[in-house]
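Results of the structural survey
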Amino acid sequence: MRKLLWALAAACAAWTAPAMAQGGKEWVLAVSEGTSGGTDHARVIAKYGGLAGVIGDAAKHKVVVVFVREFGLLEEGMKQGRYDFVMARPSDYPARGVRDYGYRYVANANPDGNCLIVAPKNSGLKKLSDAHGKRWVLPEQAAYMTKFCRAELRDQGIDIDKEKVAYTREQATVGQYLDTGFADVGGVASYSGLAKEWQKNGGVVLHKSKPQPYFPLIAGKSVSARQVEAIQKQLASIETVPGGPDALKSIGITGFDTGGEKRLSELLDWLGKKPAL
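Quick summary incoming for the structure in this document.

Some words on the pairing of strand β10 (residues 212-219)
Counted residue by residue, β10 has 8 buried out of 8 residues, so it is predominantly covered. One ladder, built from 3 bridges, connects strand β3 (residues 85-89) with β10; its direction is antiparallel. Among the inter-strand pairings, V86 is bridged to a residue of β10, identified as I218. Pairing geometry for strand β4 (residues 104-113) and β10, over 5 bridges, is antiparallel. Following the sheet pairing, A107 is matched in β10 by L217.

The structure is reproduced here in structure tokens:
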């Protein structure tokens, strides 16, 4: 099975970037879409093949896509240096790749990510301070977005550990808790389907967090500084490069930001900071 997946990746890369320099070992772009369901290796390879072509064209090196579903394998692969590029959500994994495993920031997807604190349209809640003492619902405690919301709430003077909180395995269930009256206020990712539907249907957004880098792309030691710069230049203007618009449409993002290195380097400390006593 593994040989078949690598063969599919190689075929996809060859199709998307025929003009790339041949020879030398193919670079691996490892993609993780977090806990998103309903996908498989073949779909991810096709979905990110255009981006692999854009990256490879800039660096003059063939790039193949590999889907990494399990977070443990993603982390171990970064630790062992098995991936030449990693593009992953949640963002704390690329952040650890940079901090702990010798990877370098390349870019992150647009738009940025936010934690949205939401409430039902008829809740009567109008601002974040109104949520004190209410019944909260968040994704499971280990989830990145829960850590994200917790850090933002801490900065806003709310210690979530002192609130009444229910944790749910699936982010979509946050909406169900609110719709059925089992909770008064919840935290969701701005880029989630739930957040988009919530706002579309008139649900209340009590607070939007400060932005953090979404879906970062990082490069391993095999990629030279000059090649990283060339890739950044290509991604910054991806809307105008051959295959770029199709690559963005396939992934479902609007573009790339190459200026988020400082924010990504500070992300883990921000997430782990303790509330003031």
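So that's the structure; there's more coming.
A word on the pairing of strand β8 (residues 185-189)
In terms of residue burial, β8 counts as a mostly covered element, since 5 of its 5 residues are buried. Judged by which residues are buried, β8 turns out to be covered on both faces: V185, G187 and A189 on one side and G186 and V188 on the other are all buried. Taken together, the 4 bridges between strand β5 (residues 115-119) and β8 define a ladder with antiparallel strand orientation. Its bridge partner lying in β8, V118 is registered against G186. Of the strand pairs in this sheet, strand β6 (residues 135-139) and β8 are connected by 2 bridges, and their pairing is parallel. Following the sheet pairing, W136 is matched in β8 by V185.

Description of the side chain of S192
Mapped onto the elements of the fold, S192 is located in the loop between β8 and α7 (193-200). For S192, the side chain forms a polar contact with the main-chain nitrogen of A195, separated by 3.1 Å.

Thoughts on the packing of helix α2 (residues 41-59) against helix α8 (residues 225-236)
Between α2 and α8, the least distance of the axes is 8 Å, while the angle of their chain directions is 130°. It follows from the interaxial angle that α2 and α8 lie oblique. Regarding α2 and α8, the two cross each other, and that crossing is right-handed. Along its contact with α2, which presents L51, V54, I55, D57, A58 and A59, the element α8 presents Q227, A230, I231, Q234 and L235.

Re unusual backbone geometry
With an omega of 5°, the peptide bond running from R89 to P90 counts as cis. Mapping P90 onto the fold places it in the loop between β3 and α4 (92-100). A cis amide bond, omega 0°, links N110 with the succeeding residue P111. Turning to its location among the elements, P111 is positioned in strand β4.

As for the state of the cysteines
Tallied over the full model, the rule gives 1 disulfide. What pairs with C115 in a disulfide is C149, and their sulfur atoms sit 2.2 Å apart. Judged by the sign of its S-S torsion, about 110°, the bond between C115 and C149 is right-handed. Residue C115 is found in strand β5, and its partner C149 is found in helix α5 (residues 144-155); the two are separated by 34 residues along the sequence. By relative accessible area, C149 is classed as buried at 0%.

Procedures and definitions
Residues numbered from 1 in each chain as written. Predicted model: local features only at pLDDT ≥ 70, side-chain atom pairs only at ≥ 80, totals over all residues. Heavy atoms only, no water. Buried < 20%, exposed > 50% of the residue type's maximum accessible area, 1.4 Å probe, protein only. Helix = DSSP H or I, 4+ residues; strand = E, 2+ residues; numbered from the N terminus. Pairing = 2+ DSSP bridges. Polar contact = N/O pair within 3.5 Å; in protein donor to acceptor, adjacent residues only side chain to side chain. Axes fitted to C-alpha atoms, helices over the stretch in contact; angles between N-to-C directions. Parallel < 35°, antiparallel > 145°, perpendicular 65-115°, else oblique. Left-handed = near helix turned anticlockwise from the far one by under 90°. Contact = heavy atoms within 4.5 Å. Disulfide = S-S within 2.5 Å.

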